[in-house]
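# An overview of the molecular structure
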Amino acid sequence: MNDRVPEHPLRKYLRPSVKGTGFCPGCGDGTVLQCILRAIDELKMEMDDFVFVSGIGCAAWIISPYFNGDVLHTTHGRPIAFATGIKLNLPEKKVMVISGDGDLTAIGGNHLIHAARRNIEMVVVCVNNGIYGMTGGQVAPTTPRGARTITTPLGNLENAFDIAPMVRAAGASYVARWTTFHPRRLTRSIKRAIGKKGFAFVEAVSQCPVQFGAKTGAGSAVEMFEMFKEKSISVEKASAMKPEELGDRIVVGEFADRDRPELCEEILRLKRGAGRGP
Ligand SMILES: Cc1ncc(C[n+]2csc(CCOP(=O)(O)OP(=O)(O)O)c2C)c(N)n1
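All of the points below concern the structure found in this document. The structure presented is a predicted model; accordingly, all values stated were derived computationally and were not measured.

### Some remarks on the overall build of the chain
When helices and strands are counted, the chain shows 11 helices and 8 strands. Taken over the C-alpha trace, the chain has a radius of gyration of 19 Å; the compact-globule value for 278 residues is 19 Å, and the two agree within 12%. Across its three principal axes, the chain shows a C-alpha extent of roughly 60 × 55 × 35 Å. For the chain, the proportion of its 278 residues judged to be buried stands at 50%.

Structure, rendered in C-alpha cells:
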C-alpha cells in the first residue's frame, strides 16, 4: 500500500483480497455498494450484525466477493427465499438482500410480494437498471414500454412494473425509491430500512450504460445521470398530479413507513400462546 494514499474510510468493510470490481465502466452498482456500506458505517454497526444475500445478475455481485462478512450468493430469483430461512433461524441478525430488478421482480417476483405481504423483517435493496444487464441486455419487467432491447428490437410492447408502489401494496413496512443521482438520500433510506421492524424495501434506480444505455438509446452514464436528475419528482408532488401529467417521470421518496405485525414476532407470539415458546 502506498503510504501517501490514505485508505478509503469504507475499505475496512471489504475483503482484504479485493483489488477492484468487475463492474462495467459507468455502472451504478458501485454507487449502491458505497451507499450500503456508508449506511452501515453511519449506524456504527458491524458486518457481523448482518447476513447479506444476493441472487444472480450484475447487482448480485455488489456484495460478493467484496463484503467482508457473511455473504450468501444464491440461485436466480431466490435470494428472498434464502433470506427468509436465515431470518427465521437467526432472528437476531439483520438480513439484507441486494439484487437486480430482473432477479427480484421477474423470476423472483412471487417471493418479493409474498415476503412483503408476510412482513418478515429484512432489508431488500433492488437495483433497478431496467434491463437484464449481466446476460446482455434482454427485456425486463421494468423495461419502459417502447424501448428497444436485444429481445425487443422493434420496441417493448409490455407495460413496466412500478416496483416501489407494488411492494407497498403488498404490505411492506418501509418502501423508498431513489436513483444513483441521489446517493445521500439513498443512504438515508437504507439506514431507515435497517432500523425498521418488518419488510423494508429500497429501490435504487441505476444506470447501465453498457446494456440499457447502448441498446435503448438512453446513452452514456452521464446522459443517464442527467435524465435521472431531470425526470425525478418527489412522491409528494407526484401524488397531486394526473398520470398524463406525470408521464415517464421517476417518482422518488418514501412510499411507506408504517408499523405492522412482523412475521418472526408473530410466530413467537403464537408459540408462546400455545405454551411452546421460550
Ligand atoms: C434459472 C435461471 N434462469 C436464467 C438465468 C440467466 N440469468 C442470469 S442473470 C439474469 C437476469 C439478471 O437481471 P437483473 O436481476 O435485472 O440483474 P442485472 O444483471 O441487470 O443487475 C438471467 C435471466 C439464470 N442464471 N438462471
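### Side note on the site of the ligand
Lining the immediate environment of the ligand, one finds 16 residues, of which Cys58, Gly102, Asp103, Gly133 and Met134 sit closest. For the ligand, an oxygen atom lies 3.0 Å from a polar atom in the backbone of Ala59. Backbone polar atom of Met134 to an oxygen atom of the ligand: 2.9 Å apart, as the coordinates give it. Relative to its free-state accessible area of 600 Å², the ligand is covered by the protein chains to the extent of 73%. The leading source of residues in the shell around the ligand is helix H3 (residues 101–107), at 4 residues. In terms of residue class, the shell around the ligand is made up of 7 nonpolar, 7 polar and 2 charged.

### Brief notes about the packing of aromatic side chains
Applying the stated criterion across every chain, the model contains 4 aromatic pairs. Judged by centre distance (6.0 Å) and plane angle (90°), the ring pair of Phe181 and Phe225 falls under edge-to-face. With Phe181 in the loop between strand E5 (174–179) and helix H6 (183–194) and Phe225 in helix H8 (residues 221–231), this pair connects stretches of sequence that are 44 residues apart. For Phe181, a relative accessible area of 32% corresponds to the partly exposed category.

### Quick look at the packing of helix H4 (residues 109–118) against helix H5 (residues 163–170)
At a closest axis distance of 7 Å, the pairing of H4 and H5 adopts a crossing angle of 45°. Regarding the angle of H4 to H5, the classification is oblique. On the side of H4, the interface is formed by Leu112, Ile113, Ala116 and Arg117, while H5 contributes Ile163, Met166, Val167 and Ala170. Split by residue class, the contact of H4 with H5 holds 7 nonpolar, no polar and 1 charged.

### Quick word on the nonpolar core
Ile36, Ile62, Phe67 and Met96 are the most contacted members of the largest nonpolar core, which has 40 residues in total. Among the secondary structure elements, those contributing two or more residues to this core are helix H1 (29–42), strand E1 (50–54), strand E3 (94–100), strand E4 (122–128), E5, H6, strand E6 (199–205) and strand E8 (250–257). The greatest single-element share of this core, amounting to 7 residues, is contributed by H1. Each residue touching Ile36, except ones within four places of it in the same chain, is listed here: Ile62, Phe67, Met96, Ile98, Val125 and Ile190.

### Structural notes on H1
End to end, H1 covers 20 Å across 14 residues, agreeing with the expected 20 Å (1.5 Å per residue, within 8%). Asp29, Val32, Leu33, Cys35, Ile36, Leu37, Ala39 and Ile40 are the residues of H1 that are buried. Elements that come into contact with the buried residues of H1 comprise E1, E3, E4, H6 and E6. A positive backbone phi angle near 55° is found at Lys44, which sits one or two residues after H1.

### A word on the pairing of E6
Among the 7 residues that make up E6, 7 are buried, leaving the element largely enclosed by the rest of the structure. Relative to E6, E4 is paired through 7 bridges, and the arrangement is parallel. Looking across to E6, one finds that Cys126 is bridged to Glu203. Where E5 lies against E6, 6 bridges are found, and the strand directions are parallel. Paired with Tyr174 across the bridge in E6 is Ala200. Note on the crossover from E5 through H6 to E6: the handedness is right-handed.

Calculation criteria
- Residues numbered from 1 in each chain as written.
- Predicted model: local features only at pLDDT ≥ 70, side-chain atom pairs only at ≥ 80, totals over all residues.
- Heavy atoms only, no water.
- Helix = DSSP H or I, 4+ residues; strand = E, 2+ residues; numbered from the N terminus.
- Rg over C-alpha atoms; globule rule 2.2 N^0.38 Å.
- Buried < 20%, exposed > 50% of the residue type's maximum accessible area, 1.4 Å probe, protein only.
- Near = heavy atom within 4 Å.
- Polar contact = N/O pair within 3.5 Å; in protein donor to acceptor, adjacent residues only side chain to side chain.
- Areas by Shrake-Rupley, 256 points an atom, 1.4 Å probe, with all protein chains shown as cover.
- Nonpolar A, V, L, I, M, F, W, Y, C, P; charged D, E, K, R; others polar.
- Phe/Tyr/Trp six-rings, centres within 6.5 Å; stacked < 30°, edge-to-face > 60°.
- Axes fitted to C-alpha atoms, helices over the stretch in contact; angles between N-to-C directions.
- Parallel < 35°, antiparallel > 145°, perpendicular 65-115°, else oblique.
- Contact = heavy atoms within 4.5 Å.
- Core = buried A, V, L, I, M, F, W, Y, C linked by side-chain atoms within 4.5 Å.
- Expected span 1.5 Å × (residues − 1).
- Pairing = 2+ DSSP bridges.
- Right-handed = clockwise from strand over helix to strand, strands pointing away.

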